[in-house]
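Below are the chains, spelled out letter by letter.
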Amino acid sequence: MAEVKKYEEPRIGVFVCHCGTNIAGSIDVKAVMEYASTLPNVVIADDYQYMCSTPGQNKIAEAIEEQKLTGVVVAACSPRLHEPTFRAATKEGGLNPFRFEMANIREQNSWVHMHQPEEATAKAKDAVRIAVAKASLLEDLIPKSVPVEQAAMVVGGGVGGMQAALDLASAGIKTYLVEKDPTIGGRMSQLDKTFPTLDCSQCILTPKMVDVFRHENIELLTYTEVEAVEGYIGNFDVTLRKKARGVLTTEEAEARGFVGGGCNGCGDCEDVCPVIRPNPFELGMSPMKAIYIYHPQVSPLIYTIDFDSCVKCGLCVDVCGDKKAIDLNAVDEFETVKVGTIVLATGYDIFPVEEKHEWGYKNYDNVITSLEFERLICASGPTGGHLIRPSDGATPKRVGFVLCAGSRDNTGVGKPYCSRFCCMYSLKHAHQIIEKIPGAVPYIFYMDIRSFGKMYEEFYYRIQDEGAKFIRGRVANILEDPVTKNLHVNTEDTLLGRPIDVEVDMVVLAAAVQPSEKTEATRRLFGVSCSQDGWLLEAHPKLNPCGTTTAGVYLAGVCQGPKDIPDTVAQAEGAASAASIPIHRGEVELEPYFAVCLEDICAGCGMCVNLCPYQALALVEKDGRRVMQVTEAKCKGCGTCGGFCPGGAIRMQHFTTPQIVAQIDAFLLGGEQ
Amino acid sequence: MADENWKPKIIAIICNWCSYAGADLAGSARTQYPTDIRAIRVMCTGRVDPLFIMKAFQDGADGVLVSGCHFGDCHYLEGNYKAAKRMFLLKSVLKNIGLDDKRLRMTFVSASEGAKWAKVIEDVVDTITELGPSPLNEFAR
């Protein structure tokens, strides 16, 4: 432990920020500053337009030197925003940076009491008094540096996860890419074309999949899920569940002594497998065997057995023969890997649009979702790229596209947010119909067309010129003609101001997106928060969109919020860059908020040992008696032990009992009563 | 009720990761709520020693709010469970010494629930205003 400097008397400087009019607009900053100068231990009080500016920070550094300050208080915005700035200024002035305390008079005062200047000023005075009380008791703390494991993990093998893994690996970092499905590729591999360039999705994706598979620094772990996570930035221990695949790779076969064996993707097993079940990759629109690959371009090219439907008849084992690639008795295996940083790229699912009963999805045969449309129009899809009506196999001529199907929906059934890419892919769908089916007319029912990206608006004009019909109005309901199975789309054409009924052969619902099924479980494993709608929460919506509040865990792609492919790839590159920084630095500083045992007082009862969620505490024999000992590297500083210790023998650095009690006393006993 | 101009003194001890961030979000969104609350930040509600709350009441607080992450969301895995258990126990202690246990409240506000934070404060201030000054007030100084 570092030597704690002793000072005779606390000498505190208080600096009150105007933040332009953000604070000064509702708080009398001068009055707060004058009040601060009357508080015990305060030797200097000052105010400034912007404390975070260079002159503002210089004020702090100068005052520390001139007034021999022992503590600094800045009354300004939230410590979650500018605590690092002012700690740096405190250090600049020659004081330990942890001798700084912030009074939040913006986010939790001036902004929430905009029309009560008197009360807000009184509250600001209290906040300053509370902060001064704590600052008077602050001590020097030395952050601890820990080494960073020279490896990273990416969870999710969609286009975002693949890009993050490629960037990390190409920066020379050993990267584990974990994917729950048997192949990487994610949602993008289910798409036919991408807007606005009309690139074939698979054609631009598969080279990346091959790069990932071939990269010497990437360890690809498909059909694997995260089971448990322990540790902290630089030192995560991630336990992985390698789900029983039932098929051995060449390496695995070699490890079992079958040299030259293992799956080579020949597909003989699939031919003989008697089990037929719906194909999840084709959204149930085509059959699949119990032993399967999703599509010919899968990476890695290894078959997988679905043990839920496999009847273990053994036909595949026989046909596989000498390759001995199939093991019907395979069980899940567990492996723990050590990594320094983690990127989450867990993607999205389609909102179950049948919950919007009025559109009849799953009731009417000819109402499909946009993802089903992608498969039907895709040359490698269940119909070989021929768009057909599910009811009779006919080619539809009039196709209705219902936009915002579950997005921008405040009824409580759908999602309140914009799913961001549905407008654009629906325009693309309209183009594909016009291109593939002579005489076909797409009807697009929209609220607003949001074509915000590069060349997107131009694409919108192009589709208008191609002859798509745009009807501005939210679809009230869809009714099926029981004889023809045609659909009547009822809405109000809000541009004409009258209700209309459009008869179409088929309806495509541009369904909203929602966080993927496993997102909730995954985020809890990694200790990442989510926003109200379930998307993973970034550390700051504008200035730190790739980070999370858990140091060392970063976000890429739609798991953080709906975004299209270019935005996903861009964020993935950002997340990879952020995740590579601690690894390349080689060490990270941990905030020195850990627990310290006051051995003179500790009675060795051991209550704290079981309370610690990180097994950081242990009882040891010392001078003939039992005392608690903290493993500092494991302690994260939550204070759960300190909040319980019956003897008050645990000191939580920077949040000590005397400091917190001083704050309580300062508020309740210190003010103008 | 004592005095017409009486304003309750309420102290909030809130965790850094969820409730403090939620309170900051209420600020960014300019969601207005009553002023009668002063917040102390701790890293986790698990840090909240029941003695802090007893000290606050002893000092004359009219109400105490402890606010942390939702269950399962704790930045430190389970600090909020432990805090909730302690607060539950502490409420029965408060009852036993003749203090209305509604003066102590534990809530769970996440980093994305700025609007909920404002609602919680309104509700706490209403509850405490209805209860009036703490009976311990006169002994406080």
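Every value quoted in this text rests on a predicted model; they were computed, and no experiment measured them. (Residues numbered from 1 in each chain as written. Chains lettered and ligands numbered in written order. Predicted model: local features only at pLDDT ≥ 70, side-chain atom pairs only at ≥ 80, totals over all residues. Heavy atoms only, no water.)

Chemist: Please set out the overall build of chain B residue by residue, giving values where relevant.
Modeler: Regarding its fold elements, chain B presents 4 helices and 4 strands. Seen in sequence order, chain B has helices and strands lined up from the N terminus as β-α-β-α-β-α-β-α. Relative to the compact-globule value of 14 Å for 141 residues, chain B shows a C-alpha radius of gyration of 15 Å, a close match. Viewed in the frame of its principal axes, chain B has a C-alpha envelope of about 40 × 35 × 20 Å. Counting every position in chain B, which comprises 141 residues, the buried fraction comes to 61%. A sequence separation of at least 24 residues applies to 82% of the contacts in chain B between residues at least 6 apart. (Helix = DSSP H or I, 4+ residues; strand = E, 2+ residues; numbered from the N terminus. Rg over C-alpha atoms; globule rule 2.2 N^0.38 Å. Buried < 20%, exposed > 50% of the residue type's maximum accessible area, 1.4 Å probe, protein only. Contact = heavy atoms within 4.5 Å.)

Chemist: With reference to specific residues and values, describe the nonpolar core.
Modeler: B:I53, B:V64 and B:L104 are the most contacted members of the largest nonpolar core, which has 56 residues in total. Setting aside its immediate chain neighbours within four residues, B:L104 contacts B:I53, B:F57, B:V64, B:V66, B:M87, B:L90, B:K91 and B:L94. A:I12, A:A36, A:A75 and A:A120 belong to the second largest nonpolar core, which has 42 residues in total. (Core = buried A, V, L, I, M, F, W, Y, C linked by side-chain atoms within 4.5 Å.)

Chemist: Hey, could you go over the sheet that holds strand β1 (residues 12-17) of chain A for me, with residue numbers and the actual values?
Modeler: All names here are of chain A. Taken together, the 4 strands give an open sheet; going across it, the order is β2-β1-β3-β4, and neighbouring strands pair in parallel fashion. Of all the strands in the sheet, the pair left with one neighbour each is β2 (42-48) and β4 (100-104). Each strand of the sheet is rotated relative to its neighbour by a mean of 15°, with strand direction disregarded. Two strands pair when backbone bridges link them, and β1 and β2 are joined in this way by 6 bridges, in the parallel orientation. Residue pairing in the sheet places V14 in a bridge with A45 of β2. On top of the sheet, helix α1 (residues 29-37) reaches β1 and β2; it is set at about 170° to β2, its chief contact. (Pairing = 2+ DSSP bridges. Axes fitted to C-alpha atoms, helices over the stretch in contact; angles between N-to-C directions.)

Chemist: A description of the pairing of strand β2 (residues 38-42) of chain B should follow, citing residues and the corresponding values.
Modeler: All names here are of chain B. Among the 5 residues of β2, 4 are classified as buried, and the element is accordingly described as predominantly covered. Relative to β2, strand β1 (residues 10-15) runs parallel, the two being bridged by 5 bridges. Residue I11 lies in a different strand from β2, and its bridge partner there is R38. As for the winding sense of the linkage, the β-α-β connection from β1 through helix α1 (residues 19-28) to β2 is right-handed. (Right-handed = clockwise from strand over helix to strand, strands pointing away.)

Chemist: Now, about the environment of B:S67: what can you tell me, with residues and values included?
Modeler: All names here are of chain B. Note that S67 resides in strand β3 (residues 63-68). The exposure class assigned to S67 is buried, which follows from its relative accessible area of 0%. A sequence separation of 50 residues divides S67 from W117, and the C-alpha atoms of the two residues are 9.4 Å apart. Setting aside chain neighbours within four positions, we find S67 in contact with I13, I14, C15, S19, T45, T107, F108, V109 and W117.

Chemist: Could you give me a rundown of a negative patch on the surface, with the residues and numbers involved?
Modeler: Residues and elements named next belong to chain A. The grouping of E62, E65, E66 and E92 at the surface amounts to a negative patch. Top contributing element to the negative patch by residue count: helix α2 (residues 54-67), with 3 residues. Looking at where E92 falls in the secondary structure, it is placed in helix α3 (residues 79-92). Its relative accessible area of 63% is what places E92 among the exposed residues. (Patch = residues over 30% accessible without salt bridge, like charges linked within 9 Å, V, L, I, M, F, W, Y side chains within 5 Å. Areas by Shrake-Rupley, 256 points an atom, 1.4 Å probe, with all protein chains shown as cover. Salt bridge = Lys/Arg side-chain N within 4 Å of Asp/Glu carboxyl O. Lys, Arg positive; Asp, Glu negative; His and termini not counted. Charge placed at Lys NZ, Arg CZ, Asp CG, Glu CD.)

Chemist: Tell me about the state of the cysteines, and name the residues and values.
Modeler: Within the structure shown, the criterion is met by 2 disulfides over all chains. Each disulfide pairs two cysteine sulfurs, and for A:C200 the partner residue is A:C203, the sulfurs being separated by 2.3 Å. Taking the sign of the torsion about the S-S bond as the criterion, the disulfide between A:C200 and A:C203, at about 80°, is right-handed. Look at A:C200 and you get partly exposed, because its relative accessible area is 26%. Linked covalently through their sulfurs, B:C18 and B:C69 form a disulfide whose S-S length is 2.3 Å. Disulfide B:C18-B:C69: torsion about the S-S bond near 95°, hence right-handed. (Disulfide = S-S within 2.5 Å.)

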